[in-house]
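If you want the building blocks of each chain, they are given just below.
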Amino acid sequence: MDSDPDTGPSPSRIAAGWRRDVTRIDVALYAAVARTPTPVLDRAMARLSHAANYSRLSLASAAVLAATGGRTGRRAAAQGLAAIAVTSSVVNLVAKPLGGRRRPDRAGQAVPVARHVPMPASTSFPSGHAAAAFAFAAGVGRVLPPAGIPLHGLAALVAYSRVHTGVHYPGDVIAGALIGTTLAQLTTRALEGRRTRVH
């Protein structure tokens, strides 16, 4: 039995209700973005989303930091790239298979064609783009806080671009951002601990 007249609904039924409601909100937010006309943003978001494939924006940022930031810049770049490596592995090998969420129905929600980027074949939850972008920003910010500020702003734009282009639900990118940030903190702490022991 799922409930008792004296105690009310069981915890499992309450949890299932929460999941249903959160999913409804997630889908409604996706639909709201899809039906909001934003012709100026459409191409910009599509280009940004495409540019973020394979963490290209983070790789370019790491190259700039390493070339111009001296020893601290090189260490920040290395920590950011390490955070991406760990995060991408966890997201693609563990989180996405466990999440198993189908990609949004972009045609059914009438996402404007001008926004479209190729729909990935992988599952939707969590967003790998958001996870990697936030992991890099958090990894760099741990060593070089001033650089972490614009990188977090860029990561937020990349995350939003995945919703705007119709390939992710908002919940996917929020989860990706949280996972990327958390794994970056764990990765950089491990690297810093190892560096301290070596020195």
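Report on the accompanying structure.

What counts as what
Residues numbered from 1 in each chain as written. Predicted model: local features only at pLDDT ≥ 70, side-chain atom pairs only at ≥ 80, totals over all residues. Heavy atoms only, no water. 1 Å grid on protein atoms, 1.4 Å probe; cavity = no way out; pocket = protein on both sides within 12 Å on 5 of 7 lines; lining within 4 Å. Points joined across faces, edges and corners; volume = space filled by probe spheres on them. Helix = DSSP H or I, 4+ residues; strand = E, 2+ residues; numbered from the N terminus. Nonpolar A, V, L, I, M, F, W, Y, C, P; charged D, E, K, R; others polar. Contact = heavy atoms within 4.5 Å. Axes fitted to C-alpha atoms, helices over the stretch in contact; angles between N-to-C directions. Parallel < 35°, antiparallel > 145°, perpendicular 65-115°, else oblique. Left-handed = near helix turned anticlockwise from the far one by under 90°. Salt bridge = Lys/Arg side-chain N within 4 Å of Asp/Glu carboxyl O. Buried < 20%, exposed > 50% of the residue type's maximum accessible area, 1.4 Å probe, protein only.

So, empty space enclosed by the protein
Under the definition given, this model contains 1 cavity of 30 Å³ or more. In terms of lining residues, the largest cavity is bounded by 13 residues, among which L57, S58, A133, L154 and V158 are the most central. Looking at the lining of the largest cavity, the elements that each hand over two or more residues are α3 (56–68), α5 (128–143) and α6 (145–164). Partitioned by chemical class, the residues of the lining of the largest cavity number 9 nonpolar, 4 polar and no charged.

Some points on the layout of surface pockets
Considering only enclosed or pocket space, the largest pocket measures out at about 400 Å³ in volume. Forming the boundary of the largest pocket are 23 residues, of which N53, Y54, G128, H129 and R162 lie nearest the centre. At the level of elements, α2 (39–51), α4 (70–99) and α5 are the ones that each hand at least two residues to the lining of the largest pocket. No other element matches α4, which puts 5 residues into the lining of the largest pocket.

A look at the environment of A131
Note on placement: A131 falls in helix α5. As for A131 and T181, which are separated by 50 residues in sequence, their C-alpha atoms are 7.4 Å apart. The contact partners of A131, leaving out residues within four places of it in the chain, are T87, V91, G176, A177 and G180.

Description of the packing of α3 against α5
Two packed helices can be described by the angle between their axes and the distance between those axes. Between α3 and α5, whose axes approach to 10 Å, the crossing angle comes to 20°. Considered as vectors, α3 and α5 are oriented roughly parallel to each other. Read as a crossing pair, α3 and α5 show a hand that is left-handed. On α5, the residues touching S58, S61, A62 and L65 of α3 are A133, F136 and V140. In terms of residue class, the contact of α3 with α5 is made up of 5 nonpolar, 2 polar and no charged.

Some thoughts on the pattern of salt bridges
One pass over the full model with this rule turns up 5 salt bridges. With its nearest N and O atoms 2.8 Å apart, the salt bridge here joins R24 to D21. Placement of both R24 and D21 in helix α1 (residues 11–35) is noted, with a separation of 3 residues, approximately one turn of the helix. The class of R24 is exposed, set by a relative accessible area of 54%. For the salt bridge of D42 with R115, the shortest nitrogen-to-oxygen distance reads 2.8 Å. Here R115 lies in the loop between α4 and α5 and D42 lies in helix α2, a separation of 73 residues in the sequence. Taking relative accessible area as the criterion, D42 reaches 6% and is therefore assigned buried. According to the relative accessible area criterion, R115 is buried, its value standing at 0%.

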